[in-house]
Amino acid sequence: MVTVVGGGLAGCEAAFRLAGRGHRIRLIEMRPGTMTLAHQSGGLAELVCTNSLKSEDPTNAHGQLKREMAALGSLLLESAGRSRVPAGAALAVDRRLFSDEMTQRIREHPRIQIEEAEVREIPARPAIIATGPLTSDALSVAIRAELGDDGLAFFDAIAPIVEADSLDRDVVFAQGRWDQAPDYLNCPLSRSEYERFVVRLVEAEVHGGGHEWDRVPYFEGCLPVEELATRGPETLRFGPMRPIGLTDPRSGTRPHAVVQLRREDRAGQMWNLVGFQTRLRIGEQRRVFRTIPGLEEAEFLRFGSIHRNSYLNFPGRLTRPGALENRPDLLFAGQLTGVEGYTESAASGILAGINLDRVLSGLEPAIPPGTTVLGGLYRYLAESDPRHFQPMNANWGLVDPLARRIRDRKAKRKELARRAMDDFRRWMADVGIGPARTSRDSDALATWPAVGPPPAPGAKATLA
């Protein structure tokens, strides 16, 4: 018997995967007996914030991630295919129908037993914990006791991340303060540029906090950048935008203010705006932050946010597949691991199910290569600096750079997607994971090119 804690997207995917491999599953979900501040029903896989599962275009990282999930036999994609609503290039679903479909698929599986209970301790037997960003207080205490005081965060202050290729390197310069190692990129601002930026920032529209669970008190150590700006026109210049110890190579003088970018990955493809955690709406982030010199054409790989969240210090406390060091049969999955987004959460559940099955079969866990979106995401989780670790969603900045530079962005992403799918298929063959087949009809996964020919209508699930 394998225990899966949490009936969200990751928990359902993990349970379905393991059951497909012949394991008997005890899926424990505390709702509806114990509700959260976000959920409204007791159904499994309830989408609480939006009905959008983002792009289906394979040249978009979210679209490519769906292709990788489809190859692995994603229950989410099958259910989404049966509950989708028109949304242009995005995959969107009727939330109630989607949850009903996922719940039915789990309930009807002969090897999955659903139990309504609140788990308050870490399971002693083989298990996957996928309780999401609103993990109960009791289980949070147990996890924190196991991982240490810095093993679990309860407050998520995220700054935007931009793509390196989209920066204006005629303006942005690499330099550390006081001639230290040039580990940071710097966007210099003159007095007039700084003053205009502060005005735009203060006047920009912020999220009002539509959910009670998203209305959190600000901590002084991670105040939103727009909140700092309201405390006086010079506050930012003596805070995250202080220019001390830096020299603009264009003028040979110290800038009036500076926005520093910190590397997020080894290859230097993703850069974080240091100290720019924010509650600005996404459109406002684009508008205001693109007025920073050097960021006029910035491609945002992740937008900033501040909200109540629970996530693990994955790189500091877990092994590469997301297990405790002394418990390879206890894996974490979903948003609790530090992945952002519905599809990312579900994908991590699939991979957790694959790897727990491998551990119980006496095999080593398997992670896709860094040329794939799922592999790049897991590499980020495992190799980030534990001191600065923050949740991440799928984006092309996570994957290995191409061997040759392609200047045209659309052509580059097309090549990244082609390479990713080729390498994902190769990885599946190398580790012995067979092509997926949809279990109900041939339409469910038709939107996402899966490995192999489409299944015959009514074909049984074959989840290797």
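Residues numbered from 1 in each chain as written. Predicted model: local features only at pLDDT ≥ 70, side-chain atom pairs only at ≥ 80, totals over all residues. Heavy atoms only, no water.

### Re the pairing of strand β2 (residues 25-29)
Of all the five residues making up β2, four are buried; the element is thus mostly covered by neighbouring parts of the structure. Taken together, the four bridges between strand β1 (residues 2-5) and β2 define a ladder with parallel strand orientation. If you follow Thr-3 over to β2, its bridge partner there is Arg-26. For the segment spanning β1, helix α1 (residues 9-20) and β2, crossover handedness is right-handed. The sheet contact formed by β2 and strand β6 (residues 112-116) spans five bridges and is parallel. Following the sheet pairing, Leu-27 is matched in β6 by Ile-114. (Buried < 20%, exposed > 50% of the residue type's maximum accessible area, 1.4 Å probe, protein only. Helix = DSSP H or I, 4+ residues; strand = E, 2+ residues; numbered from the N terminus. Pairing = 2+ DSSP bridges. Right-handed = clockwise from strand over helix to strand, strands pointing away.)

### Topic: a negative patch on the surface
A cluster of acidic residues, Asp-168, Asp-170, Glu-296 and Glu-297, forms a negative patch on the protein surface. Here Asp-168 shows up in the loop between β9 (161-163) and β10 (173-174). Residue Asp-168 is classed as partly exposed on the basis of its relative accessible area, which comes to 30%. (Patch = residues over 30% accessible without salt bridge, like charges linked within 9 Å, V, L, I, M, F, W, Y side chains within 5 Å. Areas by Shrake-Rupley, 256 points an atom, 1.4 Å probe, with all protein chains shown as cover. Salt bridge = Lys/Arg side-chain N within 4 Å of Asp/Glu carboxyl O. Lys, Arg positive; Asp, Glu negative; His and termini not counted. Charge placed at Lys NZ, Arg CZ, Asp CG, Glu CD.)

### Some points on the packing of α1 against helix α10 (residues 342-360)
In contact at an axis separation of 7 Å, α1 and α10 are set at 30 degrees when each is read in the N-to-C sense. Taken as axis vectors, α1 and α10 run roughly parallel relative to one another. Considering the relative orientation of α1 and α10, their crossing is right-handed. Here Leu-9, Ala-10, Glu-13, Ala-14, Arg-17 and Leu-18 of α1 lie close against α10, whose contacting residues are Tyr-342, Ser-345, Ala-346, Ser-348, Gly-349, Ile-350, Gly-353, Ile-354, Leu-356 and Asp-357. Classifying every residue of the contact of α1 with α10 by side-chain character gives nine nonpolar, four polar and three charged. (Axes fitted to C-alpha atoms, helices over the stretch in contact; angles between N-to-C directions. Parallel < 35°, antiparallel > 145°, perpendicular 65-115°, else oblique. Left-handed = near helix turned anticlockwise from the far one by under 90°. Contact = heavy atoms within 4.5 Å. Nonpolar A, V, L, I, M, F, W, Y, C, P; charged D, E, K, R; others polar.)

### Comments concerning the sheet that holds β10
Across the sheet, six strands lie side by side as β10-β11-β12-β13-β9-β14; this open sheet has antiparallel pairing. Looking along the sheet, the strands with just one partner apiece sit at the ends: β10 and β14 (300-302). Relative to strand β13 (residues 270-273), strand β12 (residues 257-263) runs antiparallel, the two sharing three bridges. Looking across to β13, one finds that Arg-263 is bridged to Trp-271.

### Quick notes on the packing of aromatic side chains
Inspection of every chain in the model, using the stated rule, returns seven aromatic pairs. Among the aromatic side chains, those forming a connected cluster through ring pairs are Phe-197, Phe-276 and Phe-289. (Phe/Tyr/Trp six-rings, centres within 6.5 Å; stacked < 30°, edge-to-face > 60°.)

### Structural notes on the packing of helix α6 (residues 191-203) against helix α8 (residues 282-289)
Contact geometry of α6 with α8 gives a least axis separation of 10 Å together with a crossing angle of 170 degrees. Between α6 and α8, the angle is such that the two are roughly antiparallel. Within the contact between the two elements, α6 uses Phe-197, Arg-200 and Leu-201 and α8 uses Arg-287, Val-288 and Phe-289. Taken together, the residues that form the contact of α6 with α8 break down as four nonpolar, no polar and two charged.

### With respect to the sheet that holds strand β4 (residues 84-85)
Each strand in a sheet pairs with its neighbour through backbone hydrogen bonds, running either in the same direction (parallel) or in the opposite one (antiparallel). Read across the open sheet, the three strands follow the order β3-β5-β4; overall the sheet is antiparallel. With one partner strand each, in any of the chains shown, β3 (52-55) and β4 form the two edges of the open sheet. Pairing of β4 with strand β5 (residues 90-93), which is carried by two bridges, proceeds in the antiparallel orientation. In the strand pairing of β5, Val-85 is matched with Ala-92.

### Here's the deal with the pattern of salt bridges
As enumerated under the stated definition, the model contains 27 salt bridges in all. Put simply, Arg-237 and Glu-234 hold a salt bridge, and the shortest N to O gap is 2.9 Å. Residue Arg-237 is classed as buried on the basis of its relative accessible area, which comes to 18%. The partner of Arg-387 in a salt bridge is Asp-385, with the nearest N and O atoms 2.7 Å apart. Exposure remark for Asp-385: the relative accessible area of 28% places this residue in the partly exposed category. Several salt bridges converge on common partners, so that one network encompasses Glu-163, Glu-299, Arg-409 and Arg-413.

### A closer look at unusual backbone geometry
Across the junction of Arg-31 and Pro-32, the peptide omega takes the value 5 degrees, indicating a cis bond. Turning to its location among the elements, Pro-32 is positioned in the loop between β2 and β3. Of note, the phi angle at Ala-45 is positive, near 55 degrees, even though the residue is not glycine. For Ala-45, a relative accessible area of 0% corresponds to the buried category. You will see that Lys-54, though not glycine, has its phi angle at about 70 degrees, which is positive. You can see Lys-54 is positioned in strand β3. A residue is classified by how much of its surface remains accessible, and Lys-54, at 34% relative accessible area, is partly exposed.

### Section: the side chain of Ser-79
Within the secondary structure layout, Ser-79 lies in helix α3 (residues 75-83). Residues within four places of Ser-79 in sequence aside, it is in contact with Phe-98, Glu-101, Met-102 and Arg-105.

### Digging into the environment of Arg-418
Assignment of secondary structure puts Arg-418 in helix α12 (residues 409-431). With a relative accessible area of 42%, Arg-418 lands in the partly exposed category. Once the C-alpha coordinates of Arg-418 and Pro-58 are considered, the two residues, 360 residues apart in sequence, prove to be 8.7 Å apart.

### With respect to helix α4 (residues 95-107)
In this model, α4 (13 residues) spans 18 Å end to end at C-alpha, consistent with the 18 Å of a helix rising 1.5 Å per residue. For α4, every residue scored as buried is listed here: Phe-98, Ser-99, Glu-101, Met-102, Thr-103, Arg-105 and Ile-106. Elements in contact with the buried residues of α4: α1, β2, α3, β5 and β6. (Expected span 1.5 Å × (residues − 1).)

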